[in-house]
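# Structural overview
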Amino acid sequence: MAEAKKALGRNSKKQARAAQPRTTPKAYPNYIGGEWVSSGSGEWFENVNPADTRDCVGRFPVSTARDIERAVAAARDAADKWRRLPAPRRAEILFRLGEILIRQKETFAREMTREMGKVLKETGGDVQEAIDCTYYTAGEGRRLHGFTTPAEMPDKFAMCVRQPVGLCGLITPWNFPMAIPSWKLIPALVCGNTVVIKPAEDTPLSTYNLVKSCEEVGIPAGVVNLVTGHGETVGAALTEHPSVRLISFTGSTETGRLVASSCAERNAICSLEMGGKNVIIVMEDADVDLAVEGAVWGAFGTSGQRCTASSRVVVHKKVYKKFTQQLVERAKNLRVGDGLDERTDMGPVINADALHKILGYIEVGQREDRAKLACGGRRLEKGEYAHGYFVEPTVFTDASPGMRIAQEEIFGPVTTVIPVGSLEEAIEIGNGVRYGLSASIYTQDVNRAFHAMNEMYTGIFYVNSSTIGAEVHLPFGGTKATGNGHREAGTQVLDIFTEWKSVYVDYSGKLQRAQIDEVNFE
Ligand code: NAD
């Protein structure tokens, strides 16, 4: 056990595991310049199952800034060859990657459930999202459209083409451990960039599986590099590296701000996908049963650890009682357990830090005036729960919009119900948070649905559906503290991973001066 010694300081999931004696778990090295290598530090951290911390999924390198340096050098060396490979050829390799992901879907989903806890159906969905993203985005290899436009002088041609931005640093969170890396990796590659990817400390295995599949399909050495480790060291080293032209980050708004500042220092491009405090609006004419279904799925899917989770529900007073009674009943009946068990509705939360943060918010909610803890609120720790991080599905009712539990991202299985008297009030509350990712309305009235769609300042909006359920061919991202103006997925993601080049071809054979020379009819 000489190597498996150092747990990552910040992350209690790793600390919990590190103290227990057992056989040495499998080591998963970094991938740099086409080789699987350990970190220069010689240290490893342990990735444990949050449903049972006695189960160690594997060991991963505690990397350092020097590992980032090596990975960046490898990505720099590979850049010109990859950029010059025609985009349809790059795409052909990516289509083969899609085939591997399909073949391995079940294995990757099981490993993902073991490393981060969400139920198998959801981890299957996570891998499926990576498959969808791969096929959809690889198709761009035969498009990557630019445009032509008339020039203002005769015998002159004007067009715009996309060029790769260069070396991209990808920094990802743990809640969608394969889908989110794929949303960044696949478009970066099809556009002709090389990458260094730094996955979240809690979920390096799913990114390892994605990168290993890239190796299997023959993506050339150095084009994709994987470096695991601490955000504050390797993540920061990546954002600060002068050769990294772009950082694509998904994670908390707090970390996003650090990443953005670091990129601003050296004029690097930076795309940020960050936190959310999403709202479901339930009007008095809503199909209440359907709205309850949506709220349960939105609040407790992935144990509420989705950026698009329905952590607020704003309900018209006329259906408030019926809605809250049903919601509470459904929440109480959810089966909490190990995500590998097919009977489980909701798995654990990711680690001890998250557990304590969530329980802390539940305490805050109980202290705040007027909010009522209608169900849940406790850690589950007996019997089958003894070695995991389990929290009861929790519903606060009768809350007011200014409360902390109605304003801050809890990122756990907690939702807050707020009564309202009108659509206008609901929209004001919906917009009254610092985030702007996703919102939804349940109503039978098309006018109300469109009015709310128009007035909610979010990046995503649903009608008669929950706040979660994005599809890869539509742009994904949010306003205000959720993002910095970029969108992933769809064709919009190409604007992150390419830069425009405007091209003028003057075939007049003479000097023509735009804005200065007169153009006559003769
Ligand atoms: P986090 O901010 O703690 O970590 C995200 C990543 O940043 C990790 O890989 C981490 O190691 C790295 N990191 C940490 N400190 C860093 C630093 N100083 N420099 C560079 N990198 C650093 O977030 P998390 O806990 O992994 O994920 C949860 C958050 O992510 C929630 O706020 C959630 O809403 C958000 N999220 C947003 C989206 C979206 O698309 N908007 C999607 C999923 C998750």
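Residues numbered from 1 in each chain as written. Predicted model: local features only at pLDDT ≥ 70, side-chain atom pairs only at ≥ 80, totals over all residues. Heavy atoms only, no water.

### Remarks on the overall build of the chain
As a reminder, the rule being used: Helical segments are the DSSP runs of H or I of at least four residues, strand segments are the runs of E of at least two, and each set is numbered from the N terminus. What the globule rule says is 2.2 Å times the number of residues to the power 0.38, and the radius of gyration is computed from C-alpha atoms. Burial classes: relative accessible area under 20% of the type maximum marks a residue as buried, over 50% as exposed, and values in between as partly exposed (1.4 Å probe, protein chains only). In what follows, residue pairs with any heavy atoms lying within 4.5 Å of each other are defined as contacts. The Shrake-Rupley method, run with a 1.4 Å probe, gives the accessible areas here. Residue values count only the displayed protein chains as cover. Under the convention used here, Asp and Glu are negative, Lys and Arg are positive, and both His and the chain ends fall outside the count. Charge positions are represented by NZ for Lys, CZ for Arg, CG for Asp and CD for Glu.
Scanning the chain from terminus to terminus reveals 16 helices and 23 strands. The C-alpha atoms of the chain give 25 Å as radius of gyration, which agrees with the globular expectation for 522 residues (24 Å, within 12%). With respect to the three principal axes, the spread of C-alpha positions in the chain is 80 × 65 × 40 Å. For the chain, buried positions account for 57% of its 522 residues. Look at the contacts in the chain between residues 6 or more apart in sequence, and 75% of them connect residues 24 or more apart. As presented, the chain carries roughly 21400 Å² of accessible surface, and 50% of it is formed by carbon and sulfur atoms. Taking the 61 positively charged and 64 negatively charged side chains of the chain as two groups, their mean positions are separated by 3 Å.

### Points about the site of the ligand
Heads up, the condition is: A molecule or strand has a residue near it when one of that residue's heavy atoms lies within 4 Å. Here a polar contact means two N or O atoms within 3.5 Å. Within protein one must be a hydrogen donor candidate and the other an acceptor candidate, and residues neighboring in sequence count only if both atoms are side-chain atoms. When residue character is reported, Ala, Val, Leu, Ile, Met, Phe, Trp, Tyr, Cys and Pro are called nonpolar, Asp, Glu, Lys and Arg charged, and the others, Gly included, polar. Each domain's extent was defined by an automatic or database domain assignment.
Near the ligand you find 29 residues, and of these Lys198, Ser252, Thr255, Met274 and Glu409 are the closest. Between an oxygen atom of the ligand and a side-chain N or O atom of Lys198, the distance comes to 2.6 Å. One of the side-chain N or O atoms of Glu201 is found 2.8 Å from an oxygen atom in the ligand. Computed on the free molecule, the ligand has an accessible area of 860 Å², of which 92% lies beneath the protein chains in the complex. Of all the secondary-structure elements, those providing two or more residues to the shell around the ligand are helix H8 (231–240), strand S10 (246–250) and helix H9 (253–265). The element that contributes the greatest number of residues to the shell around the ligand is H8, accounting for 4 residues. Counted by class, the shell around the ligand contains 14 nonpolar, 9 polar and 6 charged residues. Each of two domains, domain 1 (2–274 + 483–501) and domain 2 (279–463), supplies a minimum of three residues to the shell around the ligand.

### Brief notes about a negative patch on the surface
The following threshold applies: Patches here: salt-bridge-free residues with over 30% relative accessible area, like charges joined within 9 Å, nonpolar side chains (Val, Leu, Ile, Met, Phe, Trp, Tyr) joined within 5 Å. By definition here, a salt bridge exists when the distance from a side-chain nitrogen of Lys or Arg to a carboxyl oxygen of Asp or Glu is within 4 Å.
On the surface, Glu424, Glu425, Glu428 and Glu455 cluster together to form a negatively charged patch. When you line up the elements, Glu455 lands in helix H15 (residues 446–455). You can call Glu455 partly exposed: its relative accessible area is 36%.

### Here we look at the domain arrangement of the chain
Under the convention used in this document: Two parts lose some accessible area (1.4 Å probe) when they are put together, and adding that loss for both gives the buried area.
Taken as a whole, the chain is organised into domain 1 (2–274 + 483–501) and domain 2 (279–463). Distance from the C-alpha centre of domain 1 to the C-alpha centre of domain 2: 30 Å. Buried area between domain 1 and domain 2, summed over both chains or domains, comes out near 2300 Å², and the portion from carbon and sulfur atoms is 56%. Looking only at domain 1, the three residues that lose the most surface to domain 2 are Ala51, Glu122 and Trp174, adding up to 22% of its buried area. Of the charged contacts, one joins Glu122 and Arg306 as a salt bridge, the two residues approaching to 3.7 Å between their closest N and O atoms. Viewed at the interface, domain 2 and domain 1 are joined by 8 residue pairs in polar contact (both at pLDDT 80 or more). Sorting the residues of the side of domain 1 that touches domain 2 by element identifies helix H1 (12–18), strand S4 (52–61), helix H4 (105–116), helix H5 (120–138) and H9 as the ones contributing at least two each. Per-element accounting of the side of domain 1 that touches domain 2 gives the leading share, 5 residues, to H4. Among the residues making up the side of domain 1 that touches domain 2, the classes are represented as 9 nonpolar, 7 polar and 13 charged.

### Remarks on empty space enclosed by the protein
Put simply, the test is: Cavity means a closed set of points on a 1 Å grid over the protein atoms alone, one where a 1.4 Å probe fits but cannot get out, pocket means an open set with protein on both sides within 12 Å along at least 5 of 7 lines, and lining means a residue has an atom within 4 Å of a point. Grid points are joined across faces, edges and corners, and a volume is the space filled by probe spheres set on the points.
Across all of its chains, the model carries 5 cavities of 30 Å³ or more by this definition. One number sums up the size of the largest cavity: a volume of about 80 Å³. Around the largest cavity sit 15 residues that line it, and Gly304, Ala309, Ser311, Glu409 and Phe411 are the ones nearest its centre. A class-by-class count of the residues in the lining of the largest cavity yields 6 nonpolar, 5 polar and 4 charged. In this structure, the second largest cavity spans a volume of roughly 50 Å³. Around the second largest cavity, the lining residues are Cys133, Tyr136, Thr137, Trp183, Pro187, Val472, Ala489, Gly490 and Val493. Broken down by secondary-structure element, the contributors of at least two residues to the lining of the second largest cavity are H5 and helix H6 (179–190). No other element matches H5, which puts 3 residues into the lining of the second largest cavity.

### Here we look at the pairing of strand S18 (residues 414–420)
For clarity, the cut-off: Paired strands, in this sense, are two strands between which DSSP finds at least two bridges.
In terms of burial, S18 is a largely internal element, 7 of the 7 residues being buried. In S18, alternate side chains face the same way, and those of Val414, Thr416, Ile418 and Val420 on one face and Thr415, Val417 and Pro419 on the other are all buried. With 5 bridges joining them, strand S13 (residues 312–316) and S18 adopt parallel strand pairing. The residue bridging Val313 from the neighbouring strand is Val417, located in S18.

### Comments concerning the pattern of salt bridges
What the rule picks out here adds up to 24 salt bridges. Measuring nitrogen to oxygen at the nearest pair gives 3.2 Å for the salt bridge that ties Glu499 to Arg245. Here the residue Glu499 occupies a position in strand S23 (residues 498–506), and Arg245 occupies one in the loop between H8 and S10, the gap between them amounting to 254 residues. Relative accessible area serves as the criterion here: at 27%, Glu499 is assigned to the partly exposed category. You can call Arg245 partly exposed: its relative accessible area is 30%. Salt-bridge contacts for Glu254 lead to Arg434; the nearest nitrogen and oxygen are separated by 2.7 Å. A residue pair is termed long-range when its members are at least 10 positions apart, and Glu254 in helix H9 and Arg434 in the loop between helix H14 (423–431) and strand S19 (435–436) qualify at 180 residues.

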